[in-house]
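Working through the structure, step by step
Residues per chain, in single letters:
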Amino acid sequence: MQTNEASQDNEIKQVIRSLCMMNNRFMNFMLDDNKEAAQVFLRVILGDDKIRVRNVRIQSFIQNIYGHSSQLDILAQDSKGRYFNVEVQRSDEGAPARRARFYSSILDTHFLQPSKLYEELPDTYVIFITENDVLRDNLPLYDIRRTIKQSAKDFEDGSHIIYVNSQRRDDTALGKLMQDLYCTEPEKLHYREFAERMEFLKYSKEGEEKMTDVIEEYAARKAEALAKEVAKEVAKEAAKEAAKEAAKKTAQEKNIEFAKGLLADGMSIEFTVRHSKLSEAEVRELASKLTA
């Protein structure tokens, strides 16, 4: 038999090996300081093989002293100085249009230094990868830009918002990337840069140690599930006890009513004790109340 520690270790391994890149935390680990993987990601989504990622960070906190601050899942910068914010959203509620607008604006306010001109504001890309087709036009990708309504020309302000529909998993480069987002086995991934990283994270001791917060999240979920089970058992036992008490009370009330009837019909105290399941003291008390 396995020890508890070995069993738990096995369970943690299974949890880690079941993760895919549509898990937000795992995606962060896949791309954290991994320029090659982030580069493939951006090149495929934007259809631009010339993108060269200079740096990539996860969970970048951007402070807004005048209002709502934000924590960006993935923030990358390329050799041209452009910034790319990638957000993985499994919930439709997590990818509203106004959130994309806000993230775009917070990138602008963060990356334009006080001494810089507006013309030096870097191009920004906010990319939402959504589990469902939240914009509901059954497109694999939605490239959203400001346009001049009267002429339908692009308003070239350097801001880009992109929604990627992960449900479209065909044999195009983008479709294969979406397939990879749901894949849990390194050898089945289409893109080598993802496969190498996934192999490291899932099958090396160093990789497992790196994912401490995934393990902590798993432990928290286990603890929560256990607490719920304990609470359920406690509630069940309490309900049983309450039912027993209620049944006992009901039986006592019936016995009292039966004894009252016997006494009212002139039966003796001894007879009433024998047939009512009440004690002699209880019957005498009832009798005294009836004659009072």
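For the structure itself, consult the block above.
Notes on the structure follow. (Residues numbered from 1 in each chain as written. Predicted model: local features only at pLDDT ≥ 70, side-chain atom pairs only at ≥ 80, totals over all residues. Heavy atoms only, no water.)

1. Regarding the overall build of the chain
We count it as follows: Secondary structure follows DSSP: runs of H or I at least 4 residues long count as helices, runs of E at least 2 residues long count as strands, and numbering of each begins at the N terminus. Atoms considered for the radius of gyration are the C-alpha atoms alone. The globule rule reads 2.2 Å times the number of residues to the power 0.38. For every residue, the accessible area (1.4 Å probe, protein chains only) is compared with the maximum for its type, and the residue is labelled buried under 20%, exposed over 50%, or partly exposed between those bounds. Contacts are assigned to residue pairs that have any heavy atoms within 4.5 Å of one another.
When helices and strands are counted, the chain shows 10 helices and eight strands. Taken over C-alpha atoms, the radius of gyration comes to 34 Å for the chain, far larger than the 19 Å a tight globule of 292 residues would show. Scored against the burial criterion, the 292 residues of the chain give a buried share of 37%. Restricting to contacts in the chain with at least 6 residues of sequence separation, those with at least 24 account for 53%.

2. Details of the packing of helix α2 (residues 24-31) against helix α6 (residues 192-203)
Filter applied, for reference: Axis lines are fitted through C-alpha atoms, for helices just across the contact stretch, and the angle between N-to-C directions can take any value from 0 to 180 degrees. To sort the angles, those under 35 degrees are grouped as roughly parallel, those over 145 as roughly antiparallel, those from 65 to 115 as roughly perpendicular, and the leftovers as oblique. By the definition used in this description, the sense in which the near helix is turned from the far one sets the handedness, with an anticlockwise turn below a right angle giving left-handed and a clockwise turn giving right-handed. In this count, Pro and Cys sit with the nonpolar residues alongside Ala, Val, Leu, Ile, Met, Phe, Trp and Tyr, while Asp, Glu, Lys and Arg are called charged and the others, Gly among them, polar.
Running from amino to carboxyl end, α2 crosses α6 at an angle of 110 degrees, the nearest separation of the two axes being 9 Å. Between α2 and α6, the interaxial angle falls into the category roughly perpendicular. Judged by the twist between their axes, the crossing of α2 over α6 is right-handed. Packed against α2, whose contacting residues are Phe 26, Phe 29, Met 30 and Leu 31, the element α6 presents Phe 194, Arg 197, Met 198, Leu 201 and Lys 202 at the interface. Of the residues assigned to the contact of α2 with α6, the class counts are seven nonpolar, no polar and two charged.

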